[in-house]
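Structural characterization, general
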Amino acid sequence: MTVPEHAPILTIEGLDVTFRRSTVKAVDGFNLTLGRERFGIVGESGSGKSTAGRAIMRLLPKSARIEAKEMRFGGRSLPECSEKEMRSLRGREIALIMQDPRYSLNPVLTVGNQVAEAALLHLGLKGKAGRDKAREMLSHVRIRDVDRVMDLYPHQISGGMGQRVMIAMMLLAKPRLVIADEPTSALDVSVRHEVLKLLDELVRENNSGLILISHDIRMVAAFCERIAVMYKGRIVEMLTSLSDARHPYTKGLIAAMPDPRHPVRRLSTLDRSVLEALS
Amino acid sequence: MSETMIEVRDLDVVFDRGSPQENHVVRSVSFQAAKGETLGIVGESGCGKSTVLRCIAGLESHWSGEIHLAGRLVGKERSRDELKSAQMVFQDPYGSLHPRHRIGMALAEPHRAMGIGEGWNAVAGALTQVGLPADFANRFPHELSGGQRQRVAIARALMLSPPILLLDEPTSALDVSVQAEVLNLMCDLRDERTLTLLLVSHDLAVIGHMCDRVLVMKEGVFVDELTKDDIRFGRTHHEYSATLFEASLLGDDAPDAMARGAEAGFGS
Ligand SMILES: Nc1ncnc2c1ncn2[C@@H]1O[C@H](COP(=O)(O)OP(=O)(O)OP(=O)(O)O)[C@@H](O)[C@H]1O
Ligand SMILES: Nc1ncnc2c1ncn2[C@@H]1O[C@H](COP(=O)(O)OP(=O)(O)OP(=O)(O)O)[C@@H](O)[C@H]1O
Ligand SMILES: [Mg+2]
Ligand SMILES: [Mg+2]
């Protein structure tokens, strides 16, 4: 099925996720229409950001109950896809850059073999061609000393290197939708800039959509065109500029950011009882 | 403030010595931290920060040089007392929690390992201290969010009230409001118990808020040292630290950062 140029890449309506043994919804009425854009999600720790991302990929454990009025990717209804169809979508058309990169990598495969395997799986590149592709992708994410690193196992690389290996692997097939869950939290600012540029290029060149989940509000605000703020499973606010923030949670977040130019002894924190009373 | 709690002399780390992958990761670094001080380490991804912390924590065996903790020379094998004096919060909370042990077990474990009682009584308090409900003790690590796991890792490092805390990106998975709570907690503990903190972070705002002094690391050596005021006023003494601070978005006031996106090269 062909999709018109400006049709949304992803449409989600009324997504609810509940984990067994829990009475509260981890994701509660999540709506999103994503085009060819950079879309940011910020929010409370535990507010359901990663769960929403995994629900789209259909990667949640069996203990999760998922309900949605609609979840469409391009012309497909995701809940109706067979597991086999999902496997061919994952990595090739939708990529999820996971929050715990070193944990998500295969511990018994070297970095080089792992990326080359993805090149074989998604691009059909065999042998030397696959390794060359892996080398190319790893240097794109600014891995120094690529040849040495290709032969290391995940436990032998640094936190930020793990994050970049994961990103290299996920961008390889130039997916139409990238969900990046805290992709740069272990990167120094200059490498982070390069990685964001790479994500940006992908979105532009392939008309892809990007969902960037991060706690770094400054970064998300600078990089994304729209931002959703999540609190307790719900999107409480949709912003195009942080200065429009109205919700007390968002305002609390902005106030809690440390700023060394204006040193304070204690950082301001959220008054959670006020927020409780609101919801 | 004169007593030295951490002293590192000529620490050198080489991985895979003699193989084609030989990697000289840390190159003869020396530094010290006084009792009650918070010392920061910043630097490029892969430059050796976590490796330095792991050597101090006694988790690495490929090093040479001298490490003194609380005035005592320590080796690669550590006694119980030596292990108790420095606790580490790992960069990967997932990797540091046993996947099949419930959170309560993970938190009680330090006490059991040290042979000082069961530790179960302290579990609930440890969880609420980092803003998590006490019934999370029954959950497994995969049933928590990234930031919840990171808070469990922090709670565990605090279990034995160690005089030295080695913190590797302790708040990178936390939203800024929870981060503020955790950082405030650490400052309170530091002030109450005169703890010494060694803090690795890529977040220069966190570093600036927490640290008395910061070491800037690049390719296995320290190239610069900054005071709190240096960070506040953006003063650096080395090209690399200047790049680091320029590239950070610290200069942007949060409310108008979005408008500056274009400037940063991300405009559409
Ligand atoms: N397998 C699971 N079983 C039970 N509860 C779960 C499971 N996975 C996640 N949860 C709970 O669901 C909620 C949402 O988790 P999620 O990982 O989506 O949060 P998040 O917004 O990504 O947070 P963070 O910013 O800390 O990563 C949390 O309260 C978490 O404890
Ligand atoms: N067990 C190991 N075997 C071989 N090389 C290793 C091992 N552990 C670490 N290294 C290498 O040491 C270097 C420094 O790693 P380290 O984890 O200390 O970096 P880091 O400064 O903490 O980086 P990041 O900010 O990305 O976490 C990396 O090149 C890594 O590949
Ligand atoms: Mg998450
Ligand atoms: Mg590290």
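For the structure, see preceding data.
Throughout what follows, the structure given in this document is the object of discussion. (Residues numbered from 1 in each chain as written. Chains lettered and ligands numbered in written order. Predicted model: local features only at pLDDT ≥ 70, side-chain atom pairs only at ≥ 80, totals over all residues. Heavy atoms only, no water.)

Let's talk about the site of ligand 1
For clarity, the cut-off: Proximity is defined per residue: if any heavy atom of the residue lies within 4 Å of a molecule or strand, that residue is considered near it. Polar contacts, as used here, are pairs of N or O atoms within 3.5 Å; protein pairs need one atom able to donate a hydrogen and one able to accept it. Residues neighboring in sequence count only if both atoms are side-chain atoms. For accessible areas, the Shrake-Rupley method is used with a probe of radius 1.4 Å. Any residue's cover is judged against the shown protein chains and nothing else. Comment: elements are numbered from the N terminus, with helices defined as DSSP H or I runs of at least four residues and strands as E runs of at least two. When residue character is reported, Ala, Val, Leu, Ile, Met, Phe, Trp, Tyr, Cys and Pro are called nonpolar, Asp, Glu, Lys and Arg charged, and the others, Gly included, polar.
The local shell around ligand 1 holds 21 residues, among which Gly46 and Thr51 of chain A together with Ser145, Gly147 and Gln148 of chain B are the closest. Site remark: ligand 1 is flanked by residues from chains A and B. Glutamate 143 of chain B has a polar backbone atom sitting 3.3 Å from an oxygen atom of ligand 1. Glycine 146 of chain B places a polar main-chain atom, nitrogen or oxygen, 3.2 Å from an oxygen atom of ligand 1. Contact with the protein chains hides 93% of the accessible area of ligand 1, taken as 640 Å² for the molecule alone. Those elements that provide at least two residues to the shell around ligand 1 are helix H1 (49-57) of chain A together with helix H6 (146-158) of chain B. Residues that form the shell around ligand 1 fall into these classes: 4 nonpolar, 13 polar and 4 charged.

Let's talk about the coordination of the magnesium ion (ligand 3)
Residues and elements named next belong to chain A. As a reminder of what qualifies: Only N, O and S atoms count as donors, using a 2.8 Å cut-off from the metal and 3.2 Å for Na, K and Ca, and because water is excluded some sites may appear unfinished. Partly exposed residues are those whose accessible area sits between 20% and 50% of the maximum for their type, while under 20% is buried and over 50% is exposed, using a 1.4 Å probe and protein chains only.
Protein coordination at the magnesium ion (ligand 3): the donors are Ser50 (OG) and Gln99 (OE1), at 2.0 to 2.3 Å from the metal. Within this pair, whereas serine 50 is found in helix H1, its partner glutamine 99 is found in the loop between strand S7 (94-97) and helix H3 (101-104), the two being separated by 49 residues in sequence. Of the two residues, serine 50 and glutamine 99, both sit in the buried class.

As for the state of the cysteines
Filter applied, for reference: The disulfide criterion is simple: two cysteine sulfur atoms within 2.5 Å.
Under the criterion given, the structure shown has 0 disulfides over all chains. With no disulfide of its own, cysteine 55 of chain B lies closest to cysteine 47 of chain B among cysteine sulfurs, the gap being 13 Å.

What to know about the pairing of strand S1 (residues 10-19) of chain A
Residue and element names in this part refer to chain A. For clarity, the threshold we go by: Only when DSSP finds a minimum of two bridges between them are two strands counted as paired.
For S1, the buried fraction is high: 8 of the 10 residues fall into the buried class. With 6 bridges connecting them, S1 and strand S2 (residues 25-34) associate as antiparallel partners. Paired with leucine 15 across the bridge in S2 is phenylalanine 30. In sequence, S1 turns back onto S2 through a hairpin of 5 residues, with arginine 21 there showing a positive phi of about 70°. By the bridge criterion, 4 bridges tie S1 to strand S5 (residues 70-73) in an arrangement that is antiparallel. Each bridged residue has a counterpart across the sheet, and for threonine 11 the counterpart in S5 is arginine 72. The pairing of S1 with strand S4 (residues 64-67) spans 4 bridges and is classified as antiparallel. The residue of S4 that forms the bridge with phenylalanine 19 is alanine 64.

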